[in-house]
Structure formats: structure tokens, C-alpha cells
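Structural overview
Residues per chain are reported as follows:
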Amino acid sequence: MRNRNRAWVGLLGCLWLLAGCSSGGGEYEKHMATADKAMESLDVDTAITQYRQVTEMDPEKLKYGEGRIVIANELLMNAEELKGRLDELKSRAEEVKKSVAGLDIENAEAEEIVRMNGELSDIQSNLEEFSSTSLYKEISDLRNQFTDNIKTKRIDPIVSEIEASIGKLEFDHAESGVAELRQFADGFAEAVGSTPEDFFSRIELEKAKYIDFPVTYNNRDVVLLQNGAGKITFLGEGVRQNELVLIYKYEGEIRLASTKVAPEIQAVFSDGSSVELDEDDTTFRHFPDHTIAYQSVSDDLAQTLVRLDYRFGLNKDETFKKTEIGPAGETATLKEVAALPDTELQPSLSAVNGKMTVEISKIAIQERAVTVEGKLTSGADVNLETPASLYVPSHELFDTNWMEEELFAGVGKEFAVQFDLRHRIPAEAMYLKFYIAGVQVNIDLATGKEYAPSGQELLTQQIIVPGNETDVTESFDDWNNTILENTSGNLFADGIAFIQKYHWTEAPSFSVGLNQQYKRLTAKVAVDKLTAGSEYGSSKVKVMGDGKVLKMLSFGSAKAATLDLDVNVSGVRTLQFIIVPTPGKYGETQRIIIGDGVLTP
């Protein structure tokens with residue numbers, strides 16, 4: 001239309017040129033002058049009337065009459081076209097004014113608000129060539145006021161809510177707020193600015209500081225299982241990572257076998273739907289004195305749980321038990337779990353085990369990956385085959401790699417091994433255990449120096465290294481689907497069971513690196529109930545410290561009693577348990593359990 005206006009100016013110039021060639025004024029000039037003035041003020045109705053009167057004049061009575069009439073017709077057409085556009089814009093303006101006036105800003109969908117702002121913007125843009133008109137000013141003022149209202153009533157509250165959500169570690173809510181801000185950014189770029197991107201980066205940085213975020217749940221507190229190994233409680237249902245989850249708490253020794261004792265459940269909802277879950281659908285978080293487990297049941301957060309059917313499968317014929325879930329009552333919240341920040345430690349640790357010296361020069365922690373670098377020096381030529389293992393006590397984070405190195409006597413060889421953990425190391429973890437080439441070292445996560453235990457530790461929370469041709473089972477027997485148990489029916493969820501892998505294995509064993517950090521070991525030593533009876537023969541169990549016998553225990557072929565073990569391990573680098581079996585009639589041997597083991601520094 002701007003081109004049309006320029007054409008109108010050009011035609012008007014031609015008109016005055018022709019008028020200048022006439023013999024004088026008259027009706028023609030009067031009409032054209034009035035039309036010209038009307039067009040300049042966008043009084044198109046007056047202009048159209050004047051142009052139409054000119055086109056109806058007799059060209060014979062005008063000098064250059066045919067040309068003047070042609071120009072007048074062109075100007076008339078432009079004026080009528082402009083009138084059509086202005087009428088359309090006026091009509092759209094009236095509609096959008098009504099829409100804005102009737103809009104409930106606080107509750108309207110962002111999409112509707114952005115669409116309305118787009119309509120205002122388009123009308124204003126089309127009126128820019130008529131910026132002197134009252135309509136342009138009215139629409140401009142309306143849009144500015146609309147933008148201010150949206151910023152004040154919607155954008156600013158969203159920003160405040162995101163800030164609050166980040167402060168409360170409710171990152172799912174914060175991310176929803178960012179998504180809504182992005183919707184508004186499509187129509188209110190100046191009001192929103194770079195806020196969504198800034199918040200997104202900040203949320204990612206904040207999230208990286210945590211392993212888990214607070215979870216609020218309906219407090220049910222239903223005990224599902226309780227026995228000599230501990231207790232499993234259904235805490236209730238809540239929302240975690242935008243999913244409805246069931247939450248369980250493991251207390252006592254059973255927490256050490258929690259990943260093997262996940263409930264099989266059927267969750268029933270108020271709409272009659274249900275979902276079945278088992279250990280494959282369960283996520284565990286381990287703490288020093290308990291374990292929390294989550295089972296995701298639905299991404300529909302409005303689902304209402306009314307019944308929970310469950311079983312643990314510990315007994316062959318175990319059936320589902322039913323728990324009716326009443327109306328939601330009080331709520332409780334599980335606290336967040338902070339992650340250890342990425343860090344790089346440059347310790348100067350050295351540990352010796354026999355002829356092997358291990359030096360550790362660097363530990364790099366980046367998210368879930370932990371890299372340990374150092375040097376191995378052997379006192380003799382050896383083709384070293386060893387597991388390299390990393391373990392974070394109490395939090396059940398473990399990984400191991402197999403290493404094969406050719407070492408020459410007295411010549412150090414550098415190594416670097418990376419461990420990929422299940423999740424980041426919790427910030428409350430004080431140290432980790434590193435094992436390589438028969439040497440275990442406790443490494444302080446704050447300083448990189450060797451960590452001296454400040455209190456008692458469980459034997460099961462050490463790095464267990466099976467001997468040659470030895471089957472080692474910790475806490476739970478997967479094959480028989482049961483917690484370790486002695487002949488008297490005592491459960492040992494904190495037990496270590498071992499047995500020969502083959503009939504010809506002469507001395508099954510396992511070892512634990514102590515690196516001279518402990519003074520005393522107490523434990524219960526028992527025959528596994530699965531290998532009780534004369535057909536499994538008898539056994540002697542040797543407890544060794546750096547190759548020296550610290551204790552010898554004997555178990556007959558009859559129903560053997562559980563024996564107490566209490567030995568001094570001061571100065572011991574490597575603790576080893578060895579079975580000397582006397583097979584039964586058909587070559588079967590006893591499996592021995594070392595349970596309730598406690599190391600005292």
C-alpha cells in the first residue's frame with residue numbers, strides 16, 4: 001500500500017501540472033484540493049466523495065480533460081482501496097480491544113495471550129504508515145499497556161515462582177516455569193529477554209549438585225516385612241521426577257541386601273486400573289543406616305492409590321498380601337541428597353603388601369567417573385593379573401576392572417584406571433576404598449590422604465577379593481533366592497558365604513585389605529543351612545593375617561553350632577579366610593558364613 005501512496009503522490013503532481021496549464025481555477029481544482037487535504041489527514045470518505053465528483057465532470061469542459069479524469073479515477077481507486085484497508089484495521093482493532101478487555105490475564109493460557117499480542121502487533125504494524133492517526137496511537141497505547149500487564153501479572157510471578165522452586169530444589173516445577181516463560185518469549189521478547197536461557201543454565205548447574213531432590217509423599221508407614229534381618233516399610237506414595245512413585249525404607253541388616261529383596265507389587269488405583277512392578281522397576285539410594293527404594297507406578301500424577309498387593313518371593317510358596325490404602329492424610333518429605341562436587345586430588349599415598357608397592361598420585365572425580373592414577377612397583381618380575389576395584393562404603397557404589405601388567409623387579413610402572421559408578425558420590429561420603437594388586441587403601445575425599453577410620457566398620461563393607469576357584473556370596477543367595485542363613489535359622493544379611501567352586505578346589509578363600517588400619521575383628525562363623533548334614537562333610541576355617549594363622553575354627557558334619565570369632569588384627573595388611581574342607585561321601589562340602597563381622601580401628 002506504501003507503493004500505492006507514492007503512486008497517488010505522483011499522480012497528484014501530474015494533476016497540478018495539468019492544472020497549471022489550464023486557463024484558471026474552477027470546480028475541478030476546488031474538488032482536487034479538498035480531496036488532497038482529506039487524504040493527507042486520512043479522511044478518506046471526504047476524499048472519495050471529492051474524487052468521485054471530479055470523475056463525473058465533463059472532460060470536454062476541461063483543458064486536458066481526458067488526462068485529468070484518468071488521474072482522478074486512479075486517485076479514487078487508491079482512496080477506495082485505502083478505505084477498505086482502514087475499515088478492516090478499524091474492525092480488527094475493535095475486536096482485539098474487546099478481547100483484551102475481556103481477558104482474564106491471571107488464568108488465560110499463554111498461547112491465547114501470545115496470539116492476542118500477535119494480533120495487536122500486526123494491527124500496529126499495518127498502521128505505522130498512518131502513525132499520525134488517533135487509531136495508531138490508541139493501538140500503540142493499548143499494546144504497551146497489555147505488555148505491562150502481562151509482565152506484571154504473568155511473567156514476573158513466573159520468574160518469582162521459578163526462583164522459589166530452585167530455592168526449594170523443586171527443579172521439575174522450575175523447569176515447567178521455564179517452559180511457560182519460553183511460550184511468552186514468542187510474543188514478549190523484550191519483557192522476557194534471556195531469562196529462560198539464564199534459568200535453564202542455572203537449573204542445570206544446581207541439579208548437578210544433587211543426586212536426589214526432596215520427595216514429598218503421603219505418609220502411610222505400613223510395615224511389609226520384619227524378621228531377624230531387619231524391617232521393610234512402605235512409607236507411602238509421592239511425586240519424584242514428575243512420576244508417581246511408591247517409596248520403601250529398609251532398616252537393619254536387610255538394607256545390605258536391599259537390591260535383592262525388592263517387593264513384587266500390584267498397585268491398584270481408584271479408577272480400577274493397576275500396574276505390576278518388581279526389582280527391575282526399582283531404584284535404590286543407600287545411606288549409612290538405611291536404604292530408600294523407589295518404584296515408579298504412573299506418569300499420571302492425579303492417580304489415587306487405593307490398594308497395594310505385595311510379596312518378596314523369599315519363600316517358595318509366598319502369595320501376595322493385600323494392604324488397603326485409605327485417604328491421604330499427613331505428608332512427609334525425604335530430604336535431598338547432595339553430590340560430591342567434581343574435584344581432582346593429588347595425594348602422595350604409598351602402600352605395601354609383601355613385594356608389591358602401590359603409589360597413588362592422582363584421583364579425579366567427574367560426575368559418575370572416578371579415575372585413579374599411580375605407579376606399581378614389584379620386588380620381583382611378575383605377570384600381574386589383578387582386579388582394580390573402587391568402593392564407596394555405606395553408599396554401595398562399586399566398580400571393578402581387570403588389569404594385566406608385566407612388571408619387572410624394582411622398576412615402577414604407571415597405571416590409570418577409570419571406574420564408572422551407578423550415580424555420583426554423595427557429598428556426605430568421607431572416603432573411598434581402592435584395591436589393586438593385593439593392596440587396599442582408604443582415601444580421604446577431602447584431602448586425598450590416607451583415611452584413618454574413626455569408628456567401627458562392617459566386614460561386608462570392605463572390598464572382598466575371592467581366592468582362586470572360590471564362589472563368594474554376599475548377603476543374599478541369588479541361586480536359592482534367600483538371605484544367608486545358618487543351621488539355627490539366624491539370618492545374615494551382613495554375611496559373606498564362601499565355598500569351593502570345583503570338587504578339586506583344595507582351599508577356597510577370600511581376602512580383605514586392612515592396610516594396618518584396624519585392631520580387632522569380631523564376627524559369627526557358621527555353616528550355611530543349605531550345606532548342613534553329614535553329606536557335606538566337615539571343615540576347618542583358618543583366619544590368616546599376612547600369612548600367619550590368627551585363629552582356627554572347626555565345624556563337624558553334624559548340625560554345627562555357630563562360633564564366635566574375636567581376633568587381634570593390629571598391624572595386619574591382608575586378612576584372609578580359608579576353608580580346609582573334608583568332603584562328604586559324594587564330594588560335597590560345607591559353605592561357611594562369616595556374619596556380623598565388625599572391624600574396630
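So, here is what we can say about the structure in this document. Along every chain, residues carry numbers that run from 1 in the direction the sequence is written. Thresholds applied to this predicted model are a pLDDT of at least 70 for local features of residues and 80 or more for the giving and counting of side-chain atom pairs; totals over whole chains, interfaces and linings are not thresholded and use all residues. Excluded from the side-chain calculation are hydrogens and water; included are all heavy atoms of the structure.

1. Brief notes about the sheet that holds strand β24 (residues 464–466)
What makes two strands pair is DSSP finding at least two bridges between them. Starting at the N terminus, helices and strands are each numbered in turn, a helix being any DSSP run of H or I of at least four residues and a strand any DSSP run of E of at least two. Sheet architecture is open: 5 strands sit in the order β24-β29-β34-β31-β32, paired in antiparallel fashion. Both outer strands of the open sheet, β24 and β32 (548–555), are each paired with one neighbouring strand and no more. Averaged over all adjacent pairs, the angle separating strand axes in this sheet is 20°, with direction ignored. Bridging between strand β31 (residues 538–545) and strand β34 (residues 574–582) involves 8 bridges; their strand directions are antiparallel. Across the sheet, residue S538 finds its bridge partner in β34, namely T582. Note on geometry: axes are lines fitted to C-alpha atoms, helical ones only across the stretch in contact, with angles between N-to-C directions running from 0 to 180 degrees.

2. Describing the packing of aromatic side chains
Side-chain rings of Phe, Tyr and Trp (the six-membered ring for Trp) are treated as a pair once their centres are within 6.5 Å; stacked means planes under 30 degrees apart, edge-to-face means over 60, and tilted covers the remaining angles. Following the criterion strictly, the structure yields 15 aromatic pairs and no others. Considering the side-chain rings of F146 and F188, the 6.2 Å spacing of their centres and the 45° angle between planes classify their relative orientation as tilted. Of this pair, F146 sits in helix α6 (residues 134–167) while F188 is found in the loop between α7 (171–185) and α8 (189–192), placing the two residues 42 residues apart along the sequence. Like F188, F146 is buried. The cationic tip of R240 hangs over the ring face of Y294; the distance from NZ or CZ to the ring centre is 4.2 Å. Burial classes follow relative accessibility: with a 1.4 Å probe on protein chains only, a residue under 20% of its type's maximum area counts as buried, one over 50% as exposed, and anything between as partly exposed. Whether a charge sits over a ring comes down to the Lys NZ or Arg CZ being within 6 Å of the ring centre and within 35 degrees of the ring normal.

3. Let's talk about the packing of α6 against helix α9 (residues 195–207)
At a closest axis distance of 11 Å, the pairing of α6 and α9 adopts a crossing angle of 5°. Relative to α9, the element α6 lies roughly parallel. In this structure, α6 contributes V159, I162, E163 and I166 to the contact, and α9 contributes T195, F199, R202, I203 and E206. Angles are sorted into four bins: roughly parallel if under 35 degrees, roughly antiparallel if over 145, roughly perpendicular if 65 to 115, and oblique for all others. It only takes one pair of heavy atoms within 4.5 Å for two residues to be counted as in contact.

4. Observations concerning the pairing of strand β3 (residues 222–227)
Alignment of β3 against strand β4 (residues 230–240), held across 5 bridges, turns out to be antiparallel. When the bridges of β4 are listed, L225 appears paired with I232. Between the antiparallel neighbours β3 and β4 lie 2 residues.

5. Observations concerning the side chain of T487
You can see T487 is positioned in the loop between β27 (482–483) and β28 (496–500). A relative accessible area of 15% places T487 in the buried class. Polar contacts, as counted here, are pairs of nitrogen or oxygen atoms within 3.5 Å of one another; within protein the pair requires one atom able to donate a hydrogen and one able to accept it, and residues that are adjacent in sequence qualify only if both atoms are side-chain atoms. Within polar-contact distance, the side chain of T487 engages the backbone oxygen of A560 at 3.1 Å. Apart from the residues lying within four places of it in its own chain, the contact partners of T487 are V527, D528, K529, A532, K559 and A560.

6. Quick notes on the pattern of salt bridges
For salt bridges, the criterion is a side-chain nitrogen of Lys or Arg within 4 Å of an Asp or Glu carboxyl oxygen. According to the stated counting rule, one finds 32 salt bridges in the structure shown. As a salt-bridge pair, R424 and D342 come within 3.0 Å of each other at their nearest N and O atoms. A residue pair is termed long-range when its members are at least 10 positions apart, and R424 in the loop between β20 (413–420) and β21 (431–436) and D342 in the loop between β13 (337–338) and β14 (343–345) qualify at 82 residues. For R424, a relative accessible area of 13% translates into the label buried. Through salt bridges with shared partners, a single ionic network connects R92, E119 and D122.

7. Digging into unusual backbone geometry
For L169, which is not glycine, the phi dihedral falls at a positive 65°. Of note, L169 is situated in the loop between α6 and α7. On the accessibility criterion, L169 (9% relative accessible area) is buried. One non-glycine residue, N242, lies in positive phi territory at about 60°. With respect to the secondary-structure elements, N242 resides in the loop between β4 and β5 (243–251). Taking the relative accessible area as the measure of exposure, N242 reaches 39% and is therefore partly exposed.

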